[in-house]
Amino acid sequence: MKHKILLILLLVLCGEWAHAQKADTKNTPATPDTIQIKGLIIIKGKNDKGRTSYKFYNDTAYARHKLKKNLQTKWFVFDLGFNNYIDRSDYTGASFINYYPNNSNYYNGAVAMNAAVQRSYDYSAAGLATFAPREASEPLTPSEFKLITGKSINFNIWLFEQRLNITKHKLNLLYALGLEMNNYRFARSITYLPGYPTQIIRDTVEFSKNKLFAEYISVPVMLNFNSNPARPSRAFQASFGVSGGYLLKSRTKQISQERGKVRKTDDFNLNKWRFGLTSELGYGPVKLYANFALTPLHDYGLQQYPFSIGIRLNGF
């Protein structure tokens, strides 16, 4: 899967680089050494040393022709960035004591472990009950949910993106449909236990990888400003709007020396619906995006509001 993603990104980056060249051409004659892909012209030739070389040009006539269309579509737009969240949880609240059990619950046997998890792994045998019992008034702390930002990857695939002209192609309505894939890589040894109610425990092993994955189908809707519609490679663009999504699947993945690779699939009390703000800012083919959720990551208990920042790669 990782190799496929890298290959797709490499192909898109090559297209972006070609699109960013600052040369224009008009009515380039068609020859066997000239290839045109939409607004991109590729000319094959020889350099001073007699070696094969390629030159890339933007067809401005093609760009102007596109302006005659009020609706423009791009396919397979990719985002690559990083996730984190703003934690506004009340870690002294009673809901945390009940929803996120402390170790004394396990020590006294007050909280029953999900049967499916017991069959896959015996947590009590791993020393879960060997923690010193804690007072019931001592819930988990914010540090238990600290993320490794550099490894909390956000990867999005927008199946299509459409821009609807409002005023002279400078003010547009921009909307898309796609998949948002969010990885939350934990720095601490916590474990999500599937079932209802979902439980999160302090674990007894050191994980080399400990992450929560959540995938949403999303629809962003934004107002878009384009400073130079006739020359996309020299245009400043800014977009701002809202985004709504629905949780398709979620899972956890843990790797440790003691247990090996363990995957669990469940909703883990994640909020099924997601609503937030979305924006993008760019010049030519280079764009930055930012998303901020107005709904918390979890349905109840934790009040963590995710956000993501990264690079947006133009589609086809």
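Just so it is clear, the model here is predicted, and its values are computed rather than measured.

Cut-offs applied
- Residues numbered from 1 in each chain as written.
- Predicted model: local features only at pLDDT ≥ 70, side-chain atom pairs only at ≥ 80, totals over all residues.
- Heavy atoms only, no water.
- Helix = DSSP H or I, 4+ residues; strand = E, 2+ residues; numbered from the N terminus.
- Buried < 20%, exposed > 50% of the residue type's maximum accessible area, 1.4 Å probe, protein only.
- Contact = heavy atoms within 4.5 Å.
- Areas by Shrake-Rupley, 256 points an atom, 1.4 Å probe, with all protein chains shown as cover.
- Core = buried A, V, L, I, M, F, W, Y, C linked by side-chain atoms within 4.5 Å.
- Salt bridge = Lys/Arg side-chain N within 4 Å of Asp/Glu carboxyl O.
- Phe/Tyr/Trp six-rings, centres within 6.5 Å; stacked < 30°, edge-to-face > 60°.
- Patch = residues over 30% accessible without salt bridge, like charges linked within 9 Å, V, L, I, M, F, W, Y side chains within 5 Å.
- pLDDT = per-residue confidence, 0-100.
- Polar contact = N/O pair within 3.5 Å; in protein donor to acceptor, adjacent residues only side chain to side chain.
- Pairing = 2+ DSSP bridges.

**Some points on the overall build of the chain**
Part 1 of the reasoning: Check the secondary structure of the chain and you find 5 helices and 15 strands.
Part 2 of the reasoning: For the chain, with 316 residues in total, the buried portion stands at 43%.
Part 3 of the reasoning: Long-range contacts, defined here as pairs at least 24 residues apart, represent 70% of the contacts in the chain between residues at least 6 apart.
Part 4 of the reasoning: When the accessible surface of the chain is split by element, carbon and sulfur atoms take 61% of a total near 17000 Å².

**Topic: the nonpolar core**
Part 1 of the reasoning: Ranked by size, the top nonpolar core spans 17 residues in total, and within it F145, F186, L212 and L270 carry the most contacts.
Part 2 of the reasoning: Looking at this core, the elements that each hand over two or more residues are β8 (190-193) and β10 (207-226).
Part 3 of the reasoning: Broken down by element, the residue count for this core peaks at 3 residues, all from β10.
Part 4 of the reasoning: Counting residues in each nonpolar core, the second largest holds 5 residues, with F78, F155, M181 and L313 among its members.

**Brief notes about the pattern of salt bridges**
Close approach of charged atoms allows side chains of opposite charge to pair.
Part 1 of the reasoning: One pass over the full model with this rule turns up 6 salt bridges.
Part 2 of the reasoning: Here R202 and E144 are joined by a salt bridge, their closest N and O atoms 2.8 Å apart. Of this pair, R202 sits in strand β9 (residues 199-202) while E144 sits in the loop between α5 (115-120) and β6 (153-167), and the two are 58 residues apart along the sequence.
Part 3 of the reasoning: On the accessibility criterion, R202 (10% relative accessible area) is buried.
Part 4 of the reasoning: K287 is the partner of E280 in a salt bridge, and the nearest nitrogen-oxygen pair spans 3.7 Å. Exposure class is identical for E280 and K287. Each is buried.
Part 5 of the reasoning: Within the structure, one salt-bridge network assembled from shared partners comprises D79, E280, K287 and R312.

**Concerning the packing of aromatic side chains**
Part 1 of the reasoning: Counted under the stated rule, the structure contains 6 aromatic pairs.
Part 2 of the reasoning: A ring pair is formed by Y85 and Y184, whose centres lie 6.2 Å apart and whose planes are at 40 degrees; its orientation type is tilted. One end of the pair, Y85, is in strand β5 (residues 71-87); the other, Y184, is in strand β7 (residues 171-185), and 99 residues separate them in sequence. Taken as a pair, Y85 and Y184 share a single burial class, namely buried.
Part 3 of the reasoning: Between Y192 and F268, the aromatic rings sit 5.6 Å apart at their centres with planes inclined by 80 degrees, giving edge-to-face as the arrangement. Separated by 76 residues along the polypeptide, Y192 in strand β8 and F268 in the loop between β12 (260-265) and β13 (273-283) bring together distant segments of the chain. Accessibility classification places Y192 together with F268 in one group, the buried group.

**Comments concerning a nonpolar patch on the surface**
Part 1 of the reasoning: Taken together, the side chains of V219, V221, F240, V242, F275, L277 and L294 present a nonpolar region at the surface, about 560 Å² in accessible area.
Part 2 of the reasoning: By the secondary structure assignment, F240 is in strand β11 (residues 236-256).
Part 3 of the reasoning: What makes F240 exposed here is its relative accessible area of 53%.

**Describing the confidence of the model for the chain**
Part 1 of the reasoning: Of all residues in the chain, 70% have pLDDT values of 70 or greater, and the mean over the chain is 79.
Part 2 of the reasoning: For the chain, per-element mean pLDDT is lowest for helix α4 (residues 103-108), which scores 38, and highest for β7, which scores 98.
Part 3 of the reasoning: Segment residues 16-31 is flagged for pLDDT under 50; beyond a separation of four residues in sequence, or across chains, it makes 32 contacts in the model.
Part 4 of the reasoning: Throughout residues 102-138 the model reports pLDDT below 50, and contacts reaching past four residues in sequence, or to other chains, amount to 57 contacts.

**Focus on the environment of E144**
Part 1 of the reasoning: The buried category is assigned to E144, whose relative accessible area is 13%.
Part 2 of the reasoning: Taking the C-alpha atoms as reference points, E144 and I200, separated by 56 residues in sequence, lie 10.0 Å from one another.
Part 3 of the reasoning: With residues near it in sequence (within four places) discarded, E144 still touches R188, I190 and R202.
Part 4 of the reasoning: Of note is the side chain of E144, whose polar atom sits 2.8 Å from the side chain of R202.

**Some details on the side chain of N182**
Part 1 of the reasoning: Tracing the backbone shows N182 in strand β7.
Part 2 of the reasoning: In this structure the side chain of N182 is engaged in a polar contact, spanning 3.0 Å, whose partner is the side chain of N154.

**Regarding the pairing of β6**
Part 1 of the reasoning: In terms of strand pairing, β5 meets β6 through 11 bridges, oriented antiparallel. Within β6, the position partnered with V77 by the bridge is W158.
Part 2 of the reasoning: When β6 meets β7, the two strands line up antiparallel, connected through 12 bridges. Bridge pairing in β7 places N165 opposite N172.
Part 3 of the reasoning: The antiparallel hairpin formed by β6 and β7 contains 3 residues in its connecting segment, where K168 sits at a positive phi of about 50 degrees.

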